[in-house]
Each structure stands twice: as structure tokens, then as C-alpha cells.
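# An overview of the molecular structure
One-letter residues, chain by chain:
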Amino acid sequence: MTDLRIGSGFDVHRLVPGRRLFLCGVEIPFELGLDGHSDADAALHAIADALLGAVAHGDIGEHFPDSDPRWRGADSFELLRRVWAMPVFGNWRIGNIDLTIIAERPKIAPYREQMRRRVAAALDIFPDRVSVKGTTTEGLGFTGRGEGIAAHCTVLLLPKRREG
Ligand code: MG
């Protein structure tokens, strides 16, 4: 029997003027950006939480608390790298990542390939293991009104192949 682990992560940040917009570590030209203590990259936060969830090792809020000045303005690409470097992942490899970004605007599709490559680079995997999808909520709710962007991620972990 192969041991498998599945994890899910969800994150939301508010869209505000005067901030740069980062999703999956890619800067997107837009009149608003996501607000938060770090660079507020909701997509990378959802991926990090999905990974942590798969091994039942808390969440990024616990490991990188808002109250800690070290993480002010933090680069979420670096946070994700730090998460994946945790010893708790030592016996695991990533089967696949499936990410959905929920935003009325901007359109995600033009940045999708760049996002896949960026996520893959953070985790030292091939982009073909990373799916990035964008969707709207048809004008409904906070995402539909453009008040914020949400991201949902599912990740599958597989046991590391034995050497030799
Ligand atoms: Mg967050």
C-alpha cells in the first residue's frame, strides 16, 4: 500500500489602492494590490497551507505570525520555500498541486504559465505538476465586487522514492 497525503489550503486578502499585486510570486500590473503584513500573495499562502495541512503541521499563520516584525513585507515566495524546507517534509515529494484563484479582475489566464513556473521553482518540481486556474464568482460576493482575491489549493504528497 502506498501512503498518500492530501492537503487543502484557502486564503483571502483584501484589494486596496497603493499596493503592488502579487499572485504566485508573479507581479501583475493592476490598479489595486493585496493588503497584508507580508506581500499578501494569497495564492502562495494557500499553497503553503495546503502543504502544511497534508502533514498536519499547523498553518503559515502559526509558523510566520503577523505579530513578528521579521515577516513584515515578507516575500511569500521565500516563505513557501521555507515551508517546503521544513524537516517534516523530508520523506515526502509533491505529486501535484491544483490551485484556483478566485478574482473578478484581473484576468488570471495571461499569467497562468508564468505562475506555474514560479510555483514549480519555489518547490523544485517540474511545472507539469502545478495547475493554476482562475475563476470569477459571476459578480457575486466579496470577490465578485472586487473587494478581495481568494485562492484555494489542493496538494497531493507521495512518499519519496527509495534510493538505489
Ligand atoms: Mg494570507
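Position numbers for residues count from 1 along each chain, tracking the sequence in the order it is written. Whole-chain, interface and lining totals are the exception, using all residues; otherwise, since this is a predicted model, local features are given only for residues with pLDDT of at least 70 and side-chain atom pairs are given and counted only at 80 or more. Side-chain metrics in this entry use all non-hydrogen atoms of the structure; hydrogen atoms and water are not considered.

Every helix listed is a DSSP run of H or I at least four residues long, and every strand listed is a run of E at least two residues long, numbered separately from the N terminus. Assigned secondary structure in the chain consists of 5 helices and 7 strands. Reading the chain from its N end, one meets helices and strands in the order β-β-β-β-α-α-α-β-α-β-α-β. What you see for the chain is a C-alpha radius of gyration of 16 Å, in line with the 15 Å of a compact globule of 164 residues. The C-alpha extent of the chain, read off along each of the three principal axes, is 55 × 35 × 25 Å. For each residue, the accessible area found with a 1.4 Å probe, counting protein chains only, is set against the maximum for its type, and the residue is called buried under 20%, exposed over 50%, and partly exposed in between. A burial count over the chain gives 46% of its 164 residues as buried. We call two residues in contact when some of their heavy atoms are within 4.5 Å. A fraction of 71% describes how many contacts in the chain between residues 6 or more apart in sequence connect residues 24 or more apart. Charged residues are defined here as Lys and Arg on the positive side and Asp and Glu on the negative side; His and the ends of the chain fall outside this count. A charged residue contributes its charge at one atom only: NZ of Lys, CZ of Arg, CG of Asp or CD of Glu. Within the chain, one finds 21 positive and 22 negative side-chain charges whose respective centroids are separated by 4 Å. Using C-alpha atoms as the atom set, the radius of gyration is obtained and then compared with a globule rule of 2.2 Å times the number of residues to the power 0.38.

On to helix H4 (residues 112-123), then. Between the first and last residue of a helix there are one fewer steps than residues, each counted as 1.5 Å, and that sum is the expected span. Counted at 1.5 Å a residue, the expected span for H4 with its 12 residues is 16 Å, and the 17 Å between its end C-alpha atoms agrees. Taken together, the buried positions of H4 are Met-115, Val-119, Ala-120, Ala-122 and Leu-123. Projected down its long axis, H4 shows its buried positions confined to an angular sector of 160 degrees, all on one face. In this structure, the buried side of H4 is in contact with strand S2 (21-23), strand S3 (26-28), helix H1 (42-54), helix H3 (76-84), strand S5 (92-102) and strand S6 (130-135). After H4 finishes, the residue Asp-124 shows a positive phi value of roughly 55 degrees. Picture the helix axis, draw a direction to every C-beta atom, and the arc is the one those directions span.

Attention now goes to the coordination of the magnesium ion. In this description, a donor is an N, O or S atom within 2.8 Å of the metal centre, a cutoff extended to 3.2 Å for sodium, potassium and calcium. Water is not part of the atom list, which can make sites seem incomplete. Within the protein, the magnesium ion binds to Asp-11 (OD), His-13 (NE2) and His-45 (ND1); these donor distances fall in the range 2.1 to 2.2 Å. Within one chain, the residues serving as donors to the magnesium ion are arranged as D-x1-H-x31-H. Separated by 32 residues along the polypeptide, His-13 in strand S1 (residues 5-17) and His-45 in helix H1 bring together distant segments of the chain. What makes His-13 buried here is its relative accessible area of 14%.

Moving on: unusual backbone geometry. Going from Arg-105 to Pro-106, the amide bond is cis rather than trans, its omega being -5 degrees. Here Pro-106 shows up in the loop between S5 and H4. Positive phi values are uncommon outside glycine, yet Cys-24 reaches one of about 55 degrees. Following the sequence through the fold, Cys-24 ends up in the loop between S2 and S3. On the basis of relative accessible area, Cys-24 is assigned to the buried category, the value being 0%.

What follows deals with the side chain of Ser-76. Looking at the secondary structure, you find Ser-76 in helix H3. The definition of a polar contact used here is a pair of N or O atoms within 3.5 Å, where within protein one atom must be able to donate a hydrogen and the other to accept one, and adjacent residues in sequence count solely through side-chain atom pairs. Among the polar contacts listed, one links the side chain of Ser-76 to the side chain of Asp-39, at a separation of 2.4 Å. Excluding its chain neighbours within four sequence positions, the residues that come into contact with Ser-76 are Ser-38, Asp-39, Ala-40, Asp-41, Leu-44 and His-45.

DSSP calls a pair of strands paired once it identifies at least 2 bridges connecting them. The 5 strands lie next to each other as S4-S1-S7-S5-S6, forming an open sheet whose pairing is mixed. Of all strands in the sheet, those bounded by a partner on one side alone are strand S4 (32-34) and S6. The average angle at which neighbouring strand axes cross in this sheet is 20 degrees, direction not considered. Every angle, taken between N-to-C directions, lies between 0 and 180 degrees, and every axis is a line fitted to C-alpha atoms, over only the stretch in contact when it is a helix. Relative to the sheet, H4 contacts S5 and S6, its axis offset from that of S6 by approximately 140 degrees.

Pairs were defined over the aromatic rings of Phe, Tyr and Trp, the Trp ring being its six-membered one, requiring ring centres within 6.5 Å. Orientation was assigned from the angle between planes: stacked under 30 degrees, edge-to-face over 60, tilted for the rest. Applying the stated rule across the entire model yields 2 aromatic pairs. Geometrically, the ring pair formed by Phe-64 and Trp-71 is edge-to-face, given 4.8 Å between the ring centres and 90 degrees between the ring planes. In this structure, Phe-64 and Trp-71 share a single accessibility class: buried. When the centroid spacing of 5.0 Å and the interplanar angle of 45 degrees are considered together, the rings of Trp-84 and Phe-89 count as tilted. When sorted by exposure, Trp-84 lands in the same class as Phe-89, which is buried.

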